[in-house]
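So the chains spell out like this:
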Amino acid sequence: MASNNWWQHAVVYQVYPRSYQDSNGDGIGDLNGLRSRLAYIKKLGADVIWLNPIYESPDKDNGYDISNYRKINPMYGTMQDFDELLDEAHNKGLKILMDLVVNHTSDQAEWFKESRKSTDNKFRDYYIWRDPKNNREPNNWGSYFSGPAWKYDEKTKQYYLHLFEEGQPDLNWENPAVRESVWDIMRFWLDKGVDGFRMDVINLISKPAGLPDAPTPDNAVYGDVQAVVADGHRLNEFLKEMNKKVLSKYDIMTVGEMPGSTPEDVINYTGFDSHELNMVFQFEHVSLSPNPNKRLGKWNDQPVKLVELKHALSRWQKALDGKAWNSLYWNNHDQPRAVSRFAADDPKYRVTAAKMLATTLHMLQGTPYVYEGEELGMTNAHYKQLSQYEDVEAINAYKELVEEEKLVDGKTMLRYLANMSRDNARTPMQWDASANAGFTNGEPWFALNSNYPEINAKDELADPDSVFYYYQKLISLRHQNDIVVYGNYEELDPEDNEVFAYRRNYKGQTLLVINNFTNQNIERDYGQETYDKLLLGNYENSNTKIFKPYESRIYLKKA
Ligand code: TEU
Ligand code: CA
């Protein structure tokens, strides 16, 4: 078992480049903007930056539709800007993780342009083309972004597969030439010196033989594609090949995004001796309280039950311990803001609640990921109108569920979007209280959250009690105490729906972590009085059996 890898000690900070810092007034965050903020990220204490896609792209899905894997999207800068960013990051001791999006490309990628020219084109088999079946799509698969997962192409009278937007055709991983081409792209970036990859929907690359129909929950029009595509029969083989031919030759970190994977699957792909990937983003704790009407999927406005959240996180902590490595996250560019979703963004509680969530996550076993603005306690956008949304997923979902299928009324759907839309995470970073929060001096590509005068980095950097400095302390606790990295996980009172408490044990030491998820005073006794030291908490002078609203405490018992 490998157990002393740098990525096990690391904390990752995720940057959504278009919303981070604009440097040239065009309203879009860019590489030079990010470069000017490296000192901020360093100050927080993060070790690694994960950059969302910055490659050339027609931007149908905010960069997840790549048309050239070896070019920087001009709106972010040039390859020289990238090289300078990488250099300066390395000089500051920060590593850079790239987003690798190779389940699909853009329909504007050269490979696809060639592929659609004729059925005997050299690149035809780079994608998944099928004849119509009874004058319709080849099977019943639905796209993640609404509608069918197939698009008819007049020119050659066949359909191509796109699990996401129609401008995102799926690559055919069965074709060895596709795999070799992907390995080449990876080598291109690794040879530049990048420190690893976050791999987009990497558990969807192996499609089932014969492409069978998918189940249709509640008589949905299209089948649930994830149920038949995730964790396909050749996934292990493809990942082993990737590891052998590419990953194993570099000292890097890899994290695979894997919607729908179970702990058993993940041990398979990331087990310490599996020779595949280092860790996985699993989705269980961010998929709780789906709509009871399965056809509405993730769209809901119900708060998550703490016992379910605890159960989901505990299950992964226990299952992977000693076998594989967790990645820990509340937020990313696809998820609503954690403080709004799992605690409270009411100004009365927001700061305390954001610290409480951070404590809960950062004291678990695994590599924590902090999404830009999370370290400030940034909140959901609370949009009231459809015209405020930008994301293709939200807009398509509204069209399909409200206008076409009439499964839900518009007002209700707007509540669902406000609760769950990915746009909540994508509003620009709130640097200060000046116009557009210091994000840009032009017209921002996407409106800022109106609360930036109250929530911004400048104020937090001037306030020792801010969410920012609390994250800094949590990160430094991890860097200074092996128990935070390696300790095992012991769940306490799984049925308690108010408090999330657990212990970590390592070489005779014990860490006790207690988090009040309610806005009430509550009394709990975990024997905290017998511990040697209160390492950190989010209230001053608090060391009793009473836990105040959203209070967190971390205790250490020495060996
Ligand atoms: O996301 C894949 C994924 O399954 C989800 O996060 C998805 O966007 C969401 O659950 C839909 O409800 C990845 C990227 O993170 C996302 O931004 C891309 O849109 C998607 O892949 C396609 O590349
Ligand atoms: Ca710019």
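Residues numbered from 1 in each chain as written. Chains lettered and ligands numbered in written order. Predicted model: local features only at pLDDT ≥ 70, side-chain atom pairs only at ≥ 80, totals over all residues. Heavy atoms only, no water.

1. Focus on the overall build of the chain
So, step 1. Tallying secondary structure elements over the chain gives 18 helices and 20 strands in all.
So, step 2. The C-alpha radius of gyration computed for the chain amounts to 23 Å, which stays within 12% of the reference 24 Å derived for 559 residues, consistent with globular compactness.
So, step 3. For the chain, the residues scored as buried account for 61% of the 559 residues in total.
So, step 4. In the chain, the share of contacts with a sequence separation of at least 24, taken over all contacts with a separation of at least 6, comes to 70%.
So, step 5. Where the 64 positive side-chain charges of the chain centre and where its 83 negative ones centre are 2 Å apart. (Helix = DSSP H or I, 4+ residues; strand = E, 2+ residues; numbered from the N terminus. Rg over C-alpha atoms; globule rule 2.2 N^0.38 Å. Buried < 20%, exposed > 50% of the residue type's maximum accessible area, 1.4 Å probe, protein only. Contact = heavy atoms within 4.5 Å. Lys, Arg positive; Asp, Glu negative; His and termini not counted. Charge placed at Lys NZ, Arg CZ, Asp CG, Glu CD.)

2. Remarks on the sheet that holds strand β8 (residues 158-161)
So, step 1. Spatially, β6-β8-β7 is the arrangement adopted by the 3 strands of the open sheet, whose pairing is antiparallel. Strand pairing shows two members of the sheet lacking a second neighbour, β6 (129-130) and β7 (150-153), which therefore form its edges.
So, step 2. Here β6 pairs with β8 via 2 bridges, running antiparallel. Paired with Arg-130 across the bridge in β8 is Tyr-159. (Pairing = 2+ DSSP bridges.)

3. Some points on the sheet that holds strand β13 (residues 367-371)
So, step 1. The 8 strands lie next to each other as β1-β2-β5-β9-β10-β11-β12-β13, forming a closed barrel whose pairing is parallel. Within the sheet, the average angular offset between the axes of one strand and its neighbour, ignoring direction, is 25°.
So, step 2. Sheet analysis places strand β1 (residues 12-15) next to strand β2 (residues 48-51), joined by 4 bridges and oriented parallel. Considered in β2, the bridge of Val-12 is made with Val-48. (Axes fitted to C-alpha atoms, helices over the stretch in contact; angles between N-to-C directions.)

4. Brief notes about the UniProt feature "domain: Glycosyl hydrolase family 13 catalytic" (unreviewed entry) in the chain
So, step 1. In the UniProt entry, the feature "domain: Glycosyl hydrolase family 13 catalytic" (unreviewed entry) is given for residues 14-426.
So, step 2. Spanning residues 14-426, this segment combines 32% helix with 12% strand, and its end C-alpha atoms are found 12 Å apart. (UniProt positions renumbered as here; feature names shortened; annotations may be inferred.)

5. Points about the domain arrangement of the chain
So, step 1. Taken domain by domain, the chain consists of domain 1 (1-101 + 326-383 + 421-480), domain 2 (110-161) and domain 3 (488-557).
So, step 2. Taken over C-alpha atoms, the centre of domain 1 sits 36 Å from the centre of domain 2. (Domains from an automatic or database assignment.)

6. What to know about the coordination of the calcium ion (ligand 2)
So, step 1. Only Asp-22 (OD), Asn-24 (OD1), Asp-26 (OD), Ile-28 (O) and Asp-30 (OD) from the protein coordinate the calcium ion (ligand 2), and they sit 2.2 to 2.4 Å from it.
So, step 2. Spacing between the donor residues of the calcium ion (ligand 2) along the chain follows D-x1-N-x1-D-x1-I-x1-D.
So, step 3. Judged by its relative accessible area of 52%, Asn-24 falls in the exposed class. (Donors = N, O, S within 2.8 Å, 3.2 Å for Na, K, Ca; no water.)

7. Quick look at the side chain of Glu-137
So, step 1. Secondary-structure assignment places Glu-137 in the loop between β6 and β7.
So, step 2. In this structure the side chain of Glu-137 is engaged in a polar contact, spanning 2.9 Å, whose partner is the side chain of Arg-136.
So, step 3. The contact partners of Glu-137, leaving out residues within four places of it in the chain, are Pro-148, Trp-150 and Tyr-159. (Polar contact = N/O pair within 3.5 Å; in protein donor to acceptor, adjacent residues only side chain to side chain.)

8. Some points on the environment of Leu-407
So, step 1. Checked against the element boundaries, Leu-407 lands in the loop between α13 (392-404) and α14 (410-420).
So, step 2. Residue classification places Leu-407 among the partly exposed residues on the basis of a relative accessible area of 27%.
So, step 3. Each C-alpha atom of the pair Leu-407 and Asn-175 lies 40 Å from the other, and the pair is 232 residues apart in sequence.

9. A closer look at the pairing of β8
Moving residue by residue along a regular strand, the side chains alternate between the two faces of the sheet.
So, step 1. Burial along β8 is two-sided: Gln-158 and Tyr-160 facing one way and Tyr-159 and Leu-161 facing the other are all buried.
So, step 2. Adjacent in sequence and paired antiparallel, β7 and β8 are bridged by 4 residues, among which Lys-157 carries a positive phi angle near 55°.

10. Here we look at the packing of α13 against α14
So, step 1. Interhelical geometry of α13 versus α14 gives an angle of 150° and a closest axis separation of 11 Å. In terms of axis orientation, α13 runs roughly antiparallel to α14. In this structure, the crossing between α13 and α14 has a hand that is right-handed. Residues Ala-394, Ala-397, Tyr-398, Leu-401 and Val-402 of α13 lie in contact with α14, whose contacting residues are Gly-410, Met-413, Leu-414 and Leu-417.
So, step 2. The residue inventory of the contact of α13 with α14, partitioned by class, reads 8 nonpolar, 1 polar and no charged. (Parallel < 35°, antiparallel > 145°, perpendicular 65-115°, else oblique. Left-handed = near helix turned anticlockwise from the far one by under 90°. Nonpolar A, V, L, I, M, F, W, Y, C, P; charged D, E, K, R; others polar.)

11. As for the site of ligand 1
So, step 1. What surrounds ligand 1 is a group of 18 residues, the closest being Asp-61, Asp-200, Asp-334, Glu-393 and Arg-422.
So, step 2. One nitrogen or oxygen atom from the side chain of Arg-198 is found 3.0 Å from an oxygen atom belonging to ligand 1.
So, step 3. At 2.5 Å from an oxygen atom of ligand 1 is found a side-chain nitrogen or oxygen belonging to Asp-334.
So, step 4. In the complex, the protein chains occlude 93% of the 480 Å² of accessible area that ligand 1 would expose alone.
So, step 5. When its residues are assigned to classes, the shell around ligand 1 shows 6 nonpolar, 3 polar and 9 charged. (Near = heavy atom within 4 Å. Areas by Shrake-Rupley, 256 points an atom, 1.4 Å probe, with all protein chains shown as cover.)

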